[in-house]
Amino acid sequence: MIAAYVVNGVKSGLVAGLVFGLLVALVANPLVAFAEEGAHVEHAGEAGDHEHAGDHEHAGDHEHAGHSHAEGALPASLTDGVSVLSGVLWGVFLGVVAFGIAFYFLEPIVPGSGAARSYAFGAAGFLTVSVAPWLAFPPAPPGVERALDPNAASLLYVGLVAAGAVASASGMYAYDRLRGDHGRPLAAAAGALPWALLVAVAVALVGVPSVAVPAGLPSDLAHGLAGLVAFGQALTWLVMAGAHARFHASDDPNRNAGPTDPPLAEEAPAGSP
Amino acid sequence: MTANTVHDRLRLARATLTPTQVLSVLLAVAALGFVLVLFQEPTAHEAMHNFRHAAGVVCH
C-alpha cells in the first residue's frame, strides 16, 4: 500500500517536474540571465563600494554582491541544462515527499474525496513549501542581497516550511474533526485558523512581504520575475495534483487497500456452498 | 476494514515497513532535498542558480 503511494508520488512529481523544467528552460533561464545582466551592469559601476566582504568572511566562495557570473567558470549552456534538470528533480522531490509520503499518512483527513482530495492536498503543498517561506523570503530577482548569511537564511527557510506543514496538517485535522458535528462553514473557518495565525505571526515579525527591486533593474521586471516564480510553483503543484488524481484513481482498489483489508472476493463465498 | 484514519496509516506503516526501508527512503529524500535547496558549494550553486531563482528557493 505504501509502495503504491510512493510510486504515485514519484510519477506525479515527474509529470509536474517535466512541466516545471520546461518553464525553467523556456522562460526562467533567459529571463534570469537578462535580469542578471541588468543588475550586473549597475553593480559593475559601483563595484568599489559594493565589495561587502566585511559581512561575509568567506567572500572567496560566496561573492554574491553582483552575482559573479560574468567571469563564472561554467558555460551558460551547462548552467541552463543543470537548472532544467534540477527543475525536473524538484518536481520528483515534491512528489515523493508530498504525494508519496505525506499523502499516505494524511489522506484520511484531507478534505474532499476522489480527485478533489488530490487538488486540496496540492493546494496545501503549495502553501506549505512555497508560500510559507515566501512570508519571510519573497521571491527575489537576481542581484538582491539578502540581509542574512546563507546558513541562517537556509535554516529559517527550512523552519518556515516546517511551520507551514504544521499549519496545513493541523488545519486539515481541525476541519476533519469539526465537519461532522458543526457543519462545513465552521469547520472550514477552524481549518483556516492555523494558517491565519502563521501569516499574522510572520507579518508581525518581518512585515508584509514585498518584492525587493535591486538597483539597475526596472521595478516592472522585478515584479514580473516574482510573479513568474509564484506562477511556476502554483503551476507545478496544480499539474502534480492533476496527475496524482489520475494515478490514484486508476489504482486497483484491492492493491491500494493494504494487507489489513480482507479482499472482497474472499468474503463472498462464505455463505455459498 | 480499510486503514482510514491517520492512526491506522501509521500502524500499518509500522507493521509492514522495515527500519531499513524507512531509513533508505528518508536518506534518499534528504539527499535530494539538500542538494536542490541547501547545497552551497560554489560550482553547484552557480549551476543551479537559475533553477533556485525560478523555484523561489532561498539561494543566497
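Residues numbered from 1 in each chain as written. Chains lettered and ligands numbered in written order. Predicted model: local features only at pLDDT ≥ 70, side-chain atom pairs only at ≥ 80, totals over all residues. Heavy atoms only, no water.

**A word on the overall build of chain B**
Check the secondary structure of chain B and you find four helices and zero strands. The order of α-helices and β-strands along chain B, N terminus first, is α-α-α-α. A compact globule built from 60 residues would reach a C-alpha radius of gyration of about 10 Å, whereas chain B, at 18 Å, exceeds it by more than 25%. In terms of its C-alpha atoms, chain B occupies a principal-axis envelope of roughly 50 × 25 × 10 Å. Per-residue burial for chain B yields a buried fraction of 45% across its 60 residues. Accessible area of chain B: about 3000 Å², with a carbon and sulfur share of 73%. (Helix = DSSP H or I, 4+ residues; strand = E, 2+ residues; numbered from the N terminus. Rg over C-alpha atoms; globule rule 2.2 N^0.38 Å. Buried < 20%, exposed > 50% of the residue type's maximum accessible area, 1.4 Å probe, protein only. Areas by Shrake-Rupley, 256 points an atom, 1.4 Å probe, with all protein chains shown as cover.)

**Details of the overall build of chain A**
Scanning chain A from terminus to terminus reveals eight helices and zero strands. Along its sequence from the N terminus, chain A presents helices and strands in the succession α-α-α-α-α-α-α-α. Relative to its 273 residues, chain A shows a buried fraction of 42%. Considering only residue pairs separated by 6 or more positions, chain A has 79% of its internal contacts joining residues 24 or more positions apart. When the accessible surface of chain A is totalled, it reaches about 13300 Å², and 68% of it is carbon and sulfur. (Contact = heavy atoms within 4.5 Å.)

**A word on the pattern of salt bridges**
Applying the stated rule across the entire model yields three salt bridges over all chains. Residue Glu107(A) pairs with Arg9(B) through a salt bridge whose shortest N-O separation is 2.9 Å. Here Arg9(B) lies in helix α1 (residues 6-16) and Glu107(A) lies in the loop between α2 (76-106) and α3 (115-134), a pairing that spans two chains. Each of the two residues, Glu107(A) as well as Arg9(B), counts as buried. (Salt bridge = Lys/Arg side-chain N within 4 Å of Asp/Glu carboxyl O.)

**What to know about the interface of chain B and chain A**
Contact with chain B, which involves 36 residues of that partner, is made by 54 residues of chain A. In this assembly, chain B packs against chain A so that about 3900 Å² is buried in total across both faces, 70% of it on carbon and sulfur atoms. Connecting chain B to chain A are one salt bridge. On the surface where chain B and chain A come into contact, there are nine residue pairs in polar contact (both at pLDDT 80 or more). Listed by contribution, the elements that provide at least two residues to the side of chain B that touches chain A are α1, α2 (19-38), α3 (42-47) and α4 (49-55) of chain B. Per-element tally for the side of chain B that touches chain A: the top contributor is α2(B), with seven residues. (Buried area = accessible area lost by both parts, 1.4 Å probe. Polar contact = N/O pair within 3.5 Å; in protein donor to acceptor, adjacent residues only side chain to side chain.)

**Thoughts on the packing of aromatic side chains**
To describe a pair of aromatic rings, you give the distance between the ring centres and the angle between the ring planes. Across all of its chains, the model carries eleven aromatic pairs over all chains by this definition. Plain terms: the ring middles of Phe99(A) and Phe121(A) are 5.3 Å apart, the flat faces sit at 65° to each other, and that makes the pair edge-to-face. Of this pair, Phe99(A) sits in helix α2 while Phe121(A) is found in helix α3, placing the two residues 22 residues apart along the sequence. Both residues of the pair, Phe99(A) and Phe121(A), count as buried. Consider the rings of Tyr104(A) and Phe105(A), whose centres lie 4.8 Å apart with planes at 75°: the pair is edge-to-face. Three or more aromatic residues link up through ring pairs in this structure, and these residues are Tyr5(A), Phe99(A), Phe103(A), Tyr104(A), Phe105(A) and Phe121(A). Seen from the ring of Tyr104(A), Arg9(B) lies directly overhead, with NZ or CZ sitting 5.5 Å from the centre. (Phe/Tyr/Trp six-rings, centres within 6.5 Å; stacked < 30°, edge-to-face > 60°. Lys NZ or Arg CZ within 6 Å of the ring centre and 35° of its normal.)

**What to know about a nonpolar patch on the surface**
Taken together, Leu197(A), Val201(A), Leu205(A) and Val206(A) make up a surface patch of nonpolar side chains, about 420 Å² in accessible area. Counting through the fold element by element, Val201(A) comes out in helix α5 (residues 184-206). (Patch = residues over 30% accessible without salt bridge, like charges linked within 9 Å, V, L, I, M, F, W, Y side chains within 5 Å.)

**Points about the nonpolar core**
Core analysis: the largest hydrophobic core is formed by 47 residues, its most contacted members being Phe20(A), Trp90(A), Phe121(A) and Trp237(A). At the level of secondary structure, the elements contributing two or more residues to this core comprise α1 (2-45), α2, α3, α4 (150-182) and α6 (219-250) of chain A together with α1, α2 and α4 of chain B. In terms of residue count, the dominant contributor to this core is α2(A) (ten residues). In this structure Phe20(A) touches Gly87(A), Trp90(A), Gly232(A), Gln233(A), Thr236(A), Phe51(B), Ala54(B) and Ala55(B), once residues within four positions along its chain are discounted. (Core = buried A, V, L, I, M, F, W, Y, C linked by side-chain atoms within 4.5 Å.)

**Some remarks on α3(A)**
With 20 residues, α3(A) should cover 28 Å at 1.5 Å per step; its first-to-last C-alpha distance of 28 Å lies within 8% of that length. At Thr128(A), α3(A) shows its largest kink, close to 30°. (Expected span 1.5 Å × (residues − 1). Bend = angle between axes of the 7 residues up to and from the residue.)

**Section: α5(A)**
Residue and element names in this part refer to chain A. With 23 residues, α5 extends 33 Å between its outermost C-alpha atoms, agreeing within 8% with the 33 Å of an ideal straight helix rising 1.5 Å per residue. The sharpest bend along α5 comes to roughly 35°, located at leucine 193, with the proline proline 194 sitting one to four residues further on. Within the sequence span of α5, burial applies to Ala187, Ala190, Gly191, Pro194, Trp195, Leu198 and Ala202. Where α5 is buried, its residues meet α3 and α4. Phi turns positive one or two residues past the end of α5, at glycine 207, with a value near 85°.

Fair warning: the whole summary comes from geometry, so function is off the table for now.
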